[in-house]
Structures are given as structure tokens and as C-alpha cells.
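Working through the structure, step by step
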Amino acid sequence: MRFKLHSQSDVVVAGGGPSGLIAALAAARAGAKTTLVERYGFLGGMATAASVGPFSPFHYEDQQITMGIPQELVQRLSREGGSTGHLKCVPEYGSGSYMAYFDREVYKSVALDMLEEAGVKLLLHSAIGGAIVEDGAVRGIEVCNKSGFESILGTVTVDATGDGDVAAAAGAEFSWGRPGDELGQPMTMFFEMANVDVDAIFDYVEKNPDDFEWASRLYSATPLPPEINQRYFVAQGLMSFVEKAKAAGDYRVGRDTVLFQSTMRPDVIVFNSTRIGMLKGTDADEFTRAEIEARRQVMSLAAFMKKYVPGFEHAYMSSTGIQVGVRESRHILGTYVLTQEDVVEGRRFRDVVARGFFPVDIHDPKGGKGYHAGGGTWIKPKGPYDIPLGCLIPKTMDGLLMTGRNISASHAAHGSLRVQGTAFAIGQASGAAAAVAVSQGKKPRELDYRDVQAVLLSQNANLDIQDEGNGQKTGTGSR
Ligand SMILES: Cc1cc2nc3c(=O)[nH]c(=O)nc-3n(C[C@H](O)[C@H](O)[C@H](O)COP(=O)(O)OP(=O)(O)OC[C@H]3O[C@@H](n4cnc5c(N)ncnc54)[C@H](O)[C@@H]3O)c2cc1C
């Protein structure tokens, strides 16, 4: 151990995004002494740090697939005025079948409360820079924080950094982006505009369908609290204005359509529309260049909206994420690699530990095009698909479990599982698996998947296990 010891736990969760948050809750509730380490002073990952949202679906069509601790989180947020709950998208093309809007500030506070209630030890403002490896097994992580350099030991470490930082530092094998040119999905800096005349833009979307690649309205099954926004939409387009602004030299954004939507606040619109391609969020210099380029695009797009688009005449840019959002980075090689075919065919696995359902959604890695113009990919799976335990277990490293968007999957499969609904479910799976490994004194690769499933079911996860498992095969080689 190079650095002084900070603490020792059964389970160390590295990163507090959607997957890390739920992993820590699942592990602690299953009886493991759990520490969660996060570089920021709050939790939520891309949702809070990069202003990404809403939660993309817990549903496949009208079936709710994700339950368990993630559903508890949505209910808790709703009770505390921080979520709309699940709203149905009509039509679902371009946005998935349901989305749950949330308030970032309520989310930050609820996440801390839930972790404290579960007895998770938190270490914030601590950037993970290394892994402690002995005899081919990860024994913990190394952090840099206000106390200096510190070691945090754990029997099992769950890599919830989104980027697979722990696995990479430990020497685990990984791939980057798509096959061939290794490009990943572009980064995007979210931003919000306030003081928008939302009725005017809502009307424009409704009356000008030809100016959009797609647009959906969202509906709640129950009345929404009166103090929050009552009308929700998401739309991708404004092509006529973009064309005009480009010709006038008024549009310096990396994509040729604008993707924007409602928020829980009646006069605030959020933009998922800057595009920074061909740079890696895992390379400090490239990440820096991405931040600079993203902010230029934010300013250009906000000025464009004010000058050209109905409803934005008196609006102003009110917030940005504290970092550019990173969609894709390392895919850590596991004992099973989830493929596009697994996702699109809605494949079942005996050793299912989480389920997914979002379309394969790949933003054009190279250019600025949307789905219709041939740059992006949008393929709806035939049904919900299973994520097997093997996607969470690195092929070559013990003492480590993967979770969230950096699990073992191809570029295309990642295009589906990367959304927060699925990241939450994967988080619960890795937290449960870590706790079982600790309680049984086994390596993650030695686990019997049925023991992990039993813990997940006791925590109300929905695995839809049918008689002798889910048929086809195991994705692990585990017993
Ligand atoms: C631009 C963009 C738009 C998106 N749109 C949507 C959407 O509309 N709906 C949806 O559901 N999903 C959306 N997503 C996807 C979703 O936000 C992510 O895939 C999801 O957050 C992944 O969860 P995660 O827990 O794996 O990782 P992350 O959310 O990336 O969380 C990782 C956590 O680990 C911490 N961390 C990382 N590295 C370190 C380190 N070295 N040391 C300490 N801490 C570290 C981070 O601060 C963070 O808290 C979008 C993503 C992006 C980038």
C-alpha cells in the first residue's frame, strides 16, 4: 500500500452516479459494510453533475421492467417534490416509452439521505487515481483529496466511475468505442434556459411537425402536484431555423438539429444539443478541450434560440452542467460481452441480474447528423433483454465488479443499456453480487448466480425469472 490507510470495508463503491448510488444501497442493505467514494460533493453522476435528464424509461412499452431500489428512489423523489414519476411518451420514437423528470437539487439531497439511512460510509471530494492490486485481485482504491493521498481497502470494489477508471488502473482489459475506428459517442454539455414562454414554443412544436425529426408529448397517469410544470414535451428539430442561422453565420453547434425538452419548472427548457465528437473523456487533455468547445457551443446555441425561435425572445441561459456529459468510454471486458443481437432480440439469460429495454441509441460519433439524416442509430429491441452476471465480472481481475455504463458490452449494446433506468438496475445487481461475495467469502467469478438473484428478489428487483431460469444460456460460465 503506497498511501496512508483511510478505511477498510467489505464493499467499496467507486463513483456515486446512478449505478454507484444504487449499488451502495443494495450492498449495505444486504449486510455488507459499504463505503462510497465520489469526486464531487454530491451524488447522481451525469444527472446532477452534467445536468442530464430525465430518467429514461423504467418501462418497455407499458410494462414496468425496473423496480426494486430504483423505483423506491423515484417514489421518494416524488414524495419530496423532486420527480414527476413516470410519464408516458406519445409517440415513443426518439425518447423511449416513459421518462421520469426530476429536480437535481432534490435528487442530491435524497441520495445522501438514503445512503445515510442504509449506513453507507461516504467519502466525497475524493478523486480516484489508482487501484490497489495484489496477486491479480483488486484490494481497494487510491484517492487524492484534501487530506492528501489515501488508500481505501475493500474485499470487493465496485467500479461505478462510468469510465472504468478502477478497472483500467488495475490493468483490466477493455475496448473503446465502436469497432474499426474506436470512436465513441460524442459528449454533450447540457444547459437550461429560463424565462421561456413555454406556451409559444409548445405551440410551435405542435403546429410545425415538419420542422422536427420527431417530437413527443408526455402524460402522467395521475394529476401532477400543482406547483410543478404541468405540460411536458421533448422534440428534436428546428431544422428551418438552423438552416437560416447557419447561412447567416449565427450557428456554431456540432449538430444540425436541436434536441430540447421541458423540465419540472414551468418556464425552463433544457437542451441536450451541443455535440463534441472524436475526443475522449478519459484523456485529461482531450477532456479539457471538450469542456472549452462545449461552452462555446452552449453560448452559440443559447444566442441562436433567443434570436430565432418563438418563445425564447426574453429567455436567458440559466445553468450548465459542471462538466460536459460523457456518453461512452471504456467497456471493460467481462466473462460475457453483451451484444447488439442480445439487446435487439430481447435475449433471456439464466443468470439474469438486471433487465434493459431502451432502444440502441447511438448519437453520430463523427458528425452532426440526427437519426433521419443517417448519422445516428435508433433500433428498438423486440422486447426487454436480460443482462447476465458475466457482464459485471471482469475477465481477468478478481476483487472487482463492474457496474453502470462501463460493464462488458459492445458499442451497440452500450447504446441501449447506458440510460439511467438500466444503469440503476445494473447498480442494484452489482451491489447485491458484491455483498454475496463478501458474505460467502467467494470471488465474484465463483458466485452462484441464484444466490445473487435471491438477494435481488428480496430487494424487490424485477428479474422475470421463468421456471428453470430464463432459458437460453448463462452469460458467465458461473454455476
Ligand atoms: C449528454 C448525455 C445525455 C444523456 N441523456 C440521457 C437521458 O436523457 N436519459 C437517461 O436516462 N440517460 C441519459 N444519459 C445516460 C446516463 O446519464 C448515463 O449513462 C448514466 O448516468 C451512467 O451512469 P453510471 O453510474 O454508469 O455513470 P455516471 O453517471 O457517469 O457516474 C459516475 C460517477 O462516478 C464519479 N467518478 C467518475 N470518475 C471518478 C473518479 N476517478 N474518482 C471519483 N469519482 C469518479 C462521477 O463523478 C460520477 O458521480 C445521457 C448521458 C449523457 C452524457
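Residues numbered from 1 in each chain as written. Predicted model: local features only at pLDDT ≥ 70, side-chain atom pairs only at ≥ 80, totals over all residues. Heavy atoms only, no water.

**Quick word on the domain arrangement of the protein**
Many analyses report the size of an interface as the accessible area lost when the parts associate. What counts, and what does not: An automatic or database domain assignment supplies the residue ranges for each domain. By definition, residues are in contact when any of their heavy atoms lie within 4.5 Å. In short, buried area is how much 1.4 Å probe accessible area vanishes from two parts on joining, totalled over both. Take a side-chain nitrogen of Lys or Arg and a carboxyl oxygen of Asp or Glu: if they are within 4 Å of each other, that pair is a salt bridge. In the analysis that follows, any N or O atom pair within 3.5 Å is treated as a polar contact, provided that within protein one partner can donate a hydrogen and the other can accept it, and provided that, for residues neighboring in sequence, both atoms belong to side chains. Starting at the N terminus, helices and strands are each numbered in turn, a helix being any DSSP run of H or I of at least four residues and a strand any DSSP run of E of at least two. Amino acids are sorted into nonpolar (Ala, Val, Leu, Ile, Met, Phe, Trp, Tyr, Cys and Pro), charged (Asp, Glu, Lys and Arg) and polar (every other residue, Gly among them).
When the domains of the protein are assigned, the result is domain 1 (4-84 + 100-179 + 328-458) and domain 2 (191-320). Across the contact, 26 residues belong to domain 1 and 26 residues belong to domain 2. Both sides together, the interface formed by domain 1 and domain 2 hides about 2,000 Å², and carbon and sulfur atoms give 50% of it. Broken down residue by residue, the surface that domain 1 buries against domain 2 is led by Thr84, Tyr101 and Trp176, which jointly contribute 29%. Taken together, the connections running from domain 1 to domain 2 amount to two salt bridges. We note a salt bridge from Glu192 to Arg104, for which the minimum N-O separation is 3.0 Å. Applying the counting criterion to the domain 1 and domain 2 interface returns five residue pairs in polar contact (both at pLDDT 80 or more). Counting only elements with at least two residues in the side of domain 1 that touches domain 2, the list comes to β5 (83-90) and β6 (98-102). Residue composition of the side of domain 1 that touches domain 2, by class: seven nonpolar, twelve polar and seven charged.

**Topic: the layout of surface pockets**
How we decide: Grid points spaced at 1 Å over the protein atoms alone were grouped into cavities, where a 1.4 Å probe fits but cannot get out, and pockets, open sets with protein on both sides within 12 Å along at least five of seven lines, with lining residues defined by an atom within 4 Å of a point. Grid points are joined across faces, edges and corners, and a volume is the space filled by probe spheres set on the points.
Its volume calculated, the largest pocket comes out at about 950 Å³. Around the largest pocket, the lining is made up of 50 residues, and of these Met46, Val52, Val326, Arg405 and Arg418 lie nearest the centre. Elements that contribute at least two residues to the lining of the largest pocket include exactly α1 (18-29), α2 (46-49), β8 (127-134), β14 (232-237), β15 (258-262) and α11 (420-440). Here the lining of the largest pocket is composed, by residue class, of 21 nonpolar, 21 polar and eight charged. Split by domain, the residues of the lining of the largest pocket number at least three in each of domain 1 (4-84 + 100-179 + 328-458) and domain 2 (191-320). Reported here for the second largest pocket is a volume of approximately 270 Å³. Elements with a minimum of two residues in the lining of the second largest pocket: β6, α4 (104-118) and β15. Shared between two domains, the lining of the second largest pocket takes at least three residues from each, and those domains are domain 1 (4-84 + 100-179 + 328-458) and domain 2 (191-320).

**Points about the pairing of β14**
Threshold: Relative accessibility thresholds used throughout: buried, under 20% of the residue-type maximum; exposed, over 50%; partly exposed, between the two (1.4 Å probe, protein chains only).
Counting buried positions along β14 gives six out of six residues, so the element sits mostly inside the fold. The two faces of β14 match: Tyr232, Val234 and Gln236 on one face and Phe233, Ala235 and Gly237 on the other face are all buried.

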